[in-house]
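# Observations on chain architecture
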Amino acid sequence: MKAARSAKGSRTGKTSPARGAYGRIFGALRDHNKLFSESLPLIASENIISPAVREALLSDFGNRYAEGWPGERVYAGCAHIDEVEIECMRLAKKLFRAEFADVRPISGVVANLAIYSAFSSPGDVMIAPSIPAGGHISHGKREHSGTAGLVHGLDIEFYAFDAKEMTIDVDETKKRVRGLKKAGRTPKIAMLGGSLFLFPHPVAELASFFKSHKIHINYDAAHVAGLIVGGRFQDPLREGADTMTLSTHKTLFGPQGGLVLGSKGHAEAIKRAVFPGLTSSHHIHHMAAKAVAFAEALEFGRKYAAQVVSNARRLAQELSACGFHVLGEGRGFTESHQIAVDVWEHADGGKVEASLEEANIIVNRQLIPGDIKAGRNYFHPGGIRMGVSELTRLGMGGAEMREVAELIRDVIIDKKDARRVKSAVKSLRRDYQKARYCFDGRRDAYEYIKLR
Ligand SMILES: *Cc1c(COP(=O)(O)O)cnc(C)c1O
């Protein structure tokens with residue numbers, strides 16, 4: 001009895017330091033859920049999951065190891081795990097029309113590392129988009145602590161980028177690769193896809209050129225995977241990419257995780273890279289949640305992707321009408337879930353991000369083409385990036401995009417009091433609390449579920 005009481009608090013009635021920390025952690029978790037239920041989450045790499053995906057995450061799978069491949073595990077107890085993982089792979093292959101899927105990478109970065117490990121050696125050259133041109137830090141150079149350079153020792157060259165068209169410049173890129181070949185530095189891997197990603201990359205235009213130089217083409221679909229399965233973006237594996245990597249949680253419906261896709265010929269090299277190379281436990285509960293999310297995407301992915309792209313374009317048009325300099329205007333602003341805004345005339349991207357946060361509008365600052373030449377850096381870049389995946393999953397449409405644009409204008413251009421804008425944000429959110437595009441959406445998306 002005494003021991004039980006002292007675990008809760010000492011005889012003087014004070015809680016123990018551990019008990020205090022324990023309480024503070026749960027307090028912050030509850031506050032976080034409430035904050036997001038009353039905000040406009042516009043981070044392009046984020047989304048919400050359905051109650052079904054949350055349920056899978058809480059299963060006992062999360063306490064188990066299932067090293068290796070279904071049917072070839074090195075531990076016992078994997079019968080049901082194998083069943084789910086086989087289903088997960090089957091769904092992934094069907095969604096992306098791929099011969100081979102490895103569902104074990106625990107994140108998009110790990111998926112990219114699997115490709116580097118399977119198809120290149122340290123010291124090899126990889127050509128990739130630079131960060132202001134939309135590349136991800138996992139494609140980056142050693143001196144920037146990019147994963148490809150720092151972890152796998154790749155030597156990174158950048159594509160030529162056309163800032164007006166907001167995509168890779170095909171002719172200039174071919175010239176660069178021919179120059180690299182003359183210098184004895186032909187790339188081993190060409191990485192396409194990126195993080196600031198408004199328009200499809202020229203995969204078909206570059207594929208036969210890269211293949212004639214024996215360059216492995218990987219397409220990083222971390223951001224646009226959900227649009228690809230919904231038939232609303234390019235189809236990289238049909239356009240000539242050898243392999244594709246992605247995150248399962250940006251425009252897809254999954255928990256945070258990664259996935260690698262390819263043909264049968266790539267399977268053995270990828271499998272070895274993922275295990276034992278890059279994972280021991282592959283976070284089995286996340287694997288199960290991916291399987292559920294893939295089933296949701298198969299059923300609802302087309303409708304969702306169509307609404308996402310339509311919402312992104314509408315938000316861009318409305319922001320432009322409010323007086324913002326939205327990038328990609330000549331091409332209709334965007335063909336993905338993202339939009340990018342050059343905010344330099346109002347304030348730097350970091351300040352804009354902070355001002356919007358005071359009104360519960362959550363965006364991220366963004367390096368945009370021209371920033372590095374102008375001497376700007378990641379802390380004070382010229383732009384912000386927004387994505388509409390989460391607002392769309394909550395059921396918002398064109399009319400709400402207009403309201404969102406006006407709220408952003410109120411803060412950044414009209415400099416209205418952030419507290420007043422915040423209350424307008426909360427009232428806009430009141431009717432949008434459930435994940436749509438799923439089989440079972442009974443519980444609120446941000447509901448705090450207490451199990452203790
Ligand atoms: C987000 C992102 C990743 C990393 O994904 P994680 O799942 O966060 O590891 C990789 N590549 C690109 C292009 C991304 O945008």
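You'll find the structure just up there.
Cut-off values and rules
Residues numbered from 1 in each chain as written. Predicted model: local features only at pLDDT ≥ 70, side-chain atom pairs only at ≥ 80, totals over all residues. Heavy atoms only, no water. 1 Å grid on protein atoms, 1.4 Å probe; cavity = no way out; pocket = protein on both sides within 12 Å on 5 of 7 lines; lining within 4 Å. Points joined across faces, edges and corners; volume = space filled by probe spheres on them. Helix = DSSP H or I, 4+ residues; strand = E, 2+ residues; numbered from the N terminus. Nonpolar A, V, L, I, M, F, W, Y, C, P; charged D, E, K, R; others polar. Near = heavy atom within 4 Å. Polar contact = N/O pair within 3.5 Å; in protein donor to acceptor, adjacent residues only side chain to side chain. Areas by Shrake-Rupley, 256 points an atom, 1.4 Å probe, with all protein chains shown as cover. Expected span 1.5 Å × (residues − 1). Buried < 20%, exposed > 50% of the residue type's maximum accessible area, 1.4 Å probe, protein only. Pairing = 2+ DSSP bridges. Right-handed = clockwise from strand over helix to strand, strands pointing away. Axes fitted to C-alpha atoms, helices over the stretch in contact; angles between N-to-C directions. Parallel < 35°, antiparallel > 145°, perpendicular 65-115°, else oblique. Left-handed = near helix turned anticlockwise from the far one by under 90°. Contact = heavy atoms within 4.5 Å. Patch = residues over 30% accessible without salt bridge, like charges linked within 9 Å, V, L, I, M, F, W, Y side chains within 5 Å. Salt bridge = Lys/Arg side-chain N within 4 Å of Asp/Glu carboxyl O.

Further remarks concern the layout of surface pockets. Approximately 1,100 Å³ is the volume found for the largest pocket. Considering the residues around the largest pocket, the lining is formed by 33 residues, among which Asn33, Ile49, Arg54, Leu57 and Ala445 are closest to the centre. Taken together, the elements giving at least two residues each to the lining of the largest pocket come down to helix H2 (17-37), helix H3 (51-57) and helix H12 (284-321). It is H2 that contributes the most residues to the lining of the largest pocket, five residues altogether. Of the residues that constitute the lining of the largest pocket, the class distribution is 14 nonpolar, 10 polar and nine charged.

Turning to empty space enclosed by the protein, a few remarks are in order. Applying the stated criterion across every chain, the model contains two cavities of 30 Å³ or more. In this structure, the largest cavity encloses a volume near 60 Å³. Looking at the largest cavity, the residues that line it are Pro132, Ala133, Gly134, Phe161, Met166, Thr167, Leu196, Phe197, Leu198, Phe199, His201 and Pro369. For the lining of the largest cavity, the residue count by class is nine nonpolar, three polar and no charged. Considered as a void within the structure, the second largest cavity measures approximately 30 Å³ in volume. Lining the second largest cavity, in full, are Gly226, Val229, Thr251, Leu252, Phe253, Ala297, Gly301 and Tyr304. At the level of secondary structure, the elements contributing two or more residues to the lining of the second largest cavity comprise helix H9 (225-229) and H12.

What follows covers the site of the ligand. The environment of the ligand is formed by 14 residues, the closest being Gly108, Ser195, Asp220, Ser247 and Lys250. Between serine 247 and the ligand, the recorded distance is 2.9 Å, taken from a side-chain N or O atom to an oxygen atom. Here an oxygen atom of the ligand and a side-chain polar atom of lysine 250 are 2.9 Å apart. When the ligand is considered free in solution it has 380 Å² of accessible area, and contact with the protein chains removes 86% of it. Among the elements that take part in the shell around the ligand, helix H5 (residues 108-119) stands out by supplying three residues, more than any other. Looking at side-chain class alone, the shell around the ligand contains two nonpolar, 10 polar and two charged residues.

For H12, with 38 residues, the first-to-last C-alpha span of 47 Å runs short of the 56 Å given by 1.5 Å per residue. Just past H12, the residue glycine 323 takes up positive phi, approximately 110°.

Within strand E8 (residues 216-220), five of the five residues are buried, leaving the element largely enclosed by the surrounding structure. Residues His216, Asn218 and Asp220 of E8 are buried on one face, and the alternating residues Ile217 and Tyr219, pointing to the opposite face, are buried as well. Here four bridges tie strand E7 (residues 189-192) to E8, and the two strands are oriented parallel to one another. Bridge assignment links methionine 191 to a residue of E8, and that residue is asparagine 218. In terms of handedness, the path from E7 via helix H8 (residues 203-212) over to E8 forms a crossover that is right-handed.

Where H5 meets helix H11 (residues 264-278), the axes come as close as 9 Å, and the angle between the chain directions of the two elements is 120°. Looking at the two axes, H5 sits oblique to H11. Judged by the sense of rotation from one axis to the other, the crossing of H5 with H11 is right-handed. On the side of H5, the interface is formed by Val110, Leu113, Ala114, Ile115, Ser117, Ala118 and Phe119, while H11 contributes His266, Ala269, Ile270, Ala273, Val274 and Leu278. Of the residues in the contact of H5 with H11, the class split is 11 nonpolar, two polar and no charged.

What follows concerns a nonpolar patch on the surface. A contiguous nonpolar surface patch, about 320 Å² in accessible area, is contributed by Leu58, Ile449 and Leu451. Looking at where isoleucine 449 falls in the secondary structure, it is placed in the segment after helix H16 (418-429).

The subject of this paragraph is the pattern of salt bridges. Counted by the stated rule, this structure contains 28 salt bridges. Among the salt bridges present, the one from arginine 238 reaches aspartate 235, with a minimum N-O distance of 3.1 Å. In this structure arginine 238 comes out as partly exposed when scored by relative accessible area, which is 41%. Judged by relative accessible area, which is 21%, aspartate 235 ranks as partly exposed. Each member of the salt-bridge network shares a partner with another, and the members are Arg409, Asp410, Asp414 and Lys416.

Let us now look at the packing of helix H4 (residues 79-96) against H12. One can describe the packing of H4 onto H12 by two numbers: an axis separation of 9 Å at closest approach and a directional angle of 40°. Put simply, H4 runs oblique to H12. Between H4 and H12 lies a crossing of left-handed hand. Judged by residue contacts, Ile81, Val84, Glu85, Cys88, Leu91, Ala92, Lys94 and Leu95 of H4 engage Ile284, Met287, Ala288, Lys290, Ala291, Phe294, Ala295, Ala297 and Leu298 from H12. Looking at side-chain class alone, the contact of H4 with H12 contains 14 nonpolar, no polar and three charged residues.

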